[in-house]
Amino acid sequence: MDWKDFMAETEANIGTLSKEVPDTVRGFGMMGKAAKTDGALSEKTKEFIALGIAIATRCDSCIGFHVKSLVRLGATREELCEALSMATYMGGGPSFAYSAKALKAFDVFSEGD
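This is a predicted model, so every value here is computed, not measured.

Reading the values: rules and limits
- Residues numbered from 1 in each chain as written.
- Predicted model: local features only at pLDDT ≥ 70, side-chain atom pairs only at ≥ 80, totals over all residues.
- Heavy atoms only, no water.
- Helix = DSSP H or I, 4+ residues; strand = E, 2+ residues; numbered from the N terminus.
- Rg over C-alpha atoms; globule rule 2.2 N^0.38 Å.
- Buried < 20%, exposed > 50% of the residue type's maximum accessible area, 1.4 Å probe, protein only.
- Contact = heavy atoms within 4.5 Å.
- Phe/Tyr/Trp six-rings, centres within 6.5 Å; stacked < 30°, edge-to-face > 60°.
- Lys NZ or Arg CZ within 6 Å of the ring centre and 35° of its normal.

**A closer look at the overall build of the chain**
The secondary structure content of the chain amounts to five helices and zero strands. Over its C-alpha atoms the chain spans a radius of gyration of 14 Å, differing by no more than 12% from the 13 Å that the globule rule assigns to 113 residues. Structurally, the chain occupies a C-alpha span of about 40 × 35 × 30 Å along its principal axes. A buried classification covers 28% of the 113 residues belonging to the chain. Within the chain, contacts between residues separated by at least 24 positions form 68% of all contacts whose residues are at least 6 apart in sequence.

Here it is, written out as structure tokens:
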């Protein structure tokens, strides 16, 4: 999978849908902003949680979005690998495969352009 192409296509598709359901998109955006706000847990910690859920639910685009956020937030490869270990432990074989995808996405998005 070419992560950059995949995410560009995903973002374009979401943009198209967003024009059709703007109220839903606004509501989703507000919910995301509230959920990611630093509080007792940092945004980075919350993104690791979201990545674990993305792996468990086998959502490629979710993995892409949350890995990109983790790169933006300065997550290290070591931190990511520890989180992927937990996701694999909790989800078994399927999560192992999706954790490997997440690691590849991290390496791609960490490269820059």
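**Some words on unusual backbone geometry**
If a residue is not glycine, its phi is most likely negative; likewise, a peptide bond is most likely trans. Here the phi dihedral of R58 falls at roughly 60°; this positive angle occurs in a residue that is not glycine. Note on placement: R58 falls in the loop between α3 (43-57) and α4 (60-72). Judged by its relative accessible area of 43%, R58 is partly exposed.

**Considerations on the packing of aromatic side chains**
For the coordinates displayed, the defined rule picks out two aromatic pairs. Between W3 and F6 the ring centres are 5.9 Å apart and the planes differ by 90°, which places this aromatic pair in the edge-to-face class. Of this pair, W3 and F6 both sit in helix α1 (residues 3-20), three residues apart, which is roughly one turn of that helix. Each ring, one from W3 and one from F109, has its centre 6.4 Å from the other, and the planes form 70°; the classification is edge-to-face. Taken together, the residues span a long stretch of sequence, with W3 in helix α1 and F109 in helix α5 (residues 77-110) at a distance of 106 residues. The class of W3 is buried, set by a relative accessible area of 3%. One Lys or Arg, K68, reaches over the ring of F109 and ends 5.6 Å from the middle of that ring.

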